[in-house]
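So the chains spell out like this:
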Amino acid sequence: MRVTFATEAAPGRPNEDFVAATPNAVVLLDGAGAPAGSESGCVHGVAWYAQSLGSTLITTLVQDDKALAEILAEAIKTVASLHDFVCDLTHPDSPSATVVMLRRTADALDYLVLADSVLVLDMLDTAEPLVVCDDREARVGAAHRAAMDALPSGSPEHTAAHRRYVETLRDHRNRDGGFWIAAVVPLAAEQALTGTLPTEKVRAAALLSDGASRLAARFHLTTWRQTLDLLDDPGPAELIRRVREAEHDDPDGSRWPRAKAHDDATAALWKLS
Ligand SMILES: [Zn+2]
């Protein structure tokens, strides 16, 4: 087996994505939170949250054979206990993160997907990859993003509309009928998409933060099959290079309206056979 990954921050910002692998597990997280300049109740920030939750998850995956959702619930609690005595975790903008977890056991592959990072499974018995994507945030957001999408990315008006959009979505975070993401509430883990597949049926698995999945999902410049091929050869760094190239060709978001002109981008490929 072979794991390769690449990660790159949006230009000029700290990287709030996290990726880690062992011989039998891979985790990818995409930190999310209040836009720069907003109060969040947490002195540590979004990158710290994603790194703390991700490193707790990968450590537990090595030591523990509990169900993935159970491991995630406990990790959310553990990370809350690392800062609840200094930070206000009741703040509605406390840092959060999407989560993709993959674990290989003796004969099976377990997966978990929470919020908008994407898992693409290259199956030996079907031509089309199996794409596991939790689109609840996108569905909630679709009703509220028209004003933001109509404005040129990078303009002060777009920045203000993005802030209003984030504040609106916040009211739907970790609530029934809204969307679920790892933050303070361990219950969110129960809302993740989970499954188990026979290992011998999976050729490879790709994990993508939405800053990397946008090449296929938002820009439609590759299919998911082509995304898997690109990750295999020349590799994850080339996928991110193509994302940046597309973003630079559409700096104001007129072709592909998006909340952020550039986002942190992380891509991992796990070849199982
Ligand atoms: Zn904190």
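You'll find the structure just up there.
The structure presented is a predicted model; accordingly, all values stated were derived computationally and were not measured. Sequence order sets the numbering: in each chain, residues are counted from 1 along the sequence as written. Reporting in this predicted model follows two pLDDT cut-offs: at least 70 for local features of residues, and 80 or more for side-chain atom pairs to be given and counted; totals over whole chains, interfaces and linings ignore these cut-offs and use all residues. Only heavy atoms go into the side-chain values, all of them from the structure, while hydrogens and water stay out.

### So, the coordination of the zinc ion
Water is absent from the atoms considered, so a metal site may look incomplete; donors are defined as N, O and S atoms within 2.8 Å of the metal, or 3.2 Å for Na, K and Ca. Each protein donor to the zinc ion is listed here as Cys42 (SG), His44 (ND1), His83 (ND1) and Cys87 (SG); together their distances run 2.1 to 2.4 Å. Its four donor atoms give the zinc ion angles of 94 to 118 degrees at the centre, a pattern that matches the tetrahedral case. Look at where the donors of the zinc ion fall in the sequence and you get C-x1-H-x38-H-x3-C. With a gap of 41 residues between them, cysteine 42 in the loop between β3 (25–32) and α1 (46–63) and histidine 83 in helix α2 (residues 68–83) connect regions that are remote in the sequence. The exposure classification of cysteine 42 matches that of histidine 83, with both residues buried. Donor angles set the geometry label: tetrahedral for four donors if every angle is between 85 and 135 degrees, square planar for four and octahedral for six if opposite donors exceed 155 degrees and the others are between 65 and 115, irregular for anything else. Counting from the N terminus, the helices are DSSP H or I runs at least four residues long and the strands are E runs at least two residues long. For every residue, the accessible area obtained with a 1.4 Å probe (protein chains only) is divided by the maximum for its type, and the residue is called buried under 20%, exposed over 50%, and partly exposed between those limits.

### Some remarks on a nonpolar patch on the surface
Patch definition: residues with relative accessible area over 30% and no salt bridge; like charges joined within 9 Å; nonpolar side chains (Val, Leu, Ile, Met, Phe, Trp, Tyr) joined within 5 Å. Only the protein chains shown count as cover for residues, and the accessible areas themselves come from Shrake-Rupley with a 1.4 Å probe. The term salt bridge refers to a pairing of a side-chain nitrogen on Lys or Arg with a carboxyl oxygen on Asp or Glu at a separation within 4 Å. On the surface, Val43, Phe85 and Val86 cluster together into a nonpolar patch covering about 360 Å² of accessible area. Relative to the assigned elements, valine 86 resides in the loop between α2 and β4 (96–104).

### Re the sheet that holds strand β10 (residues 265–271)
Pairing between two strands requires that DSSP report at least two bridges joining them. The antiparallel open sheet is built from five strands, whose spatial order is β1-β10-β9-β6-β7. The sheet is open, and its two borders are formed by β1 (2–8) and β7 (130–133), each paired with just one other strand. Across this sheet, the average inter-strand angle for adjacent strands is 10 degrees, counted without regard to direction. Sheet analysis places strand β9 (residues 202–208) next to β10, joined by five bridges and oriented antiparallel. Counterpart to leucine 208 in the pairing with β10 is alanine 267. On the sheet, helix α6 (residues 210–217) packs against β6 (118–123), β9 and β10 and is oriented at approximately 80 degrees with respect to β10. The convention used is that axes are lines fitted to C-alpha atoms, helices contributing only their stretch in contact, and that angles between N-to-C directions extend from 0 to 180 degrees. Residue contacts are counted whenever heavy atoms from the two residues lie within 4.5 Å of one another.

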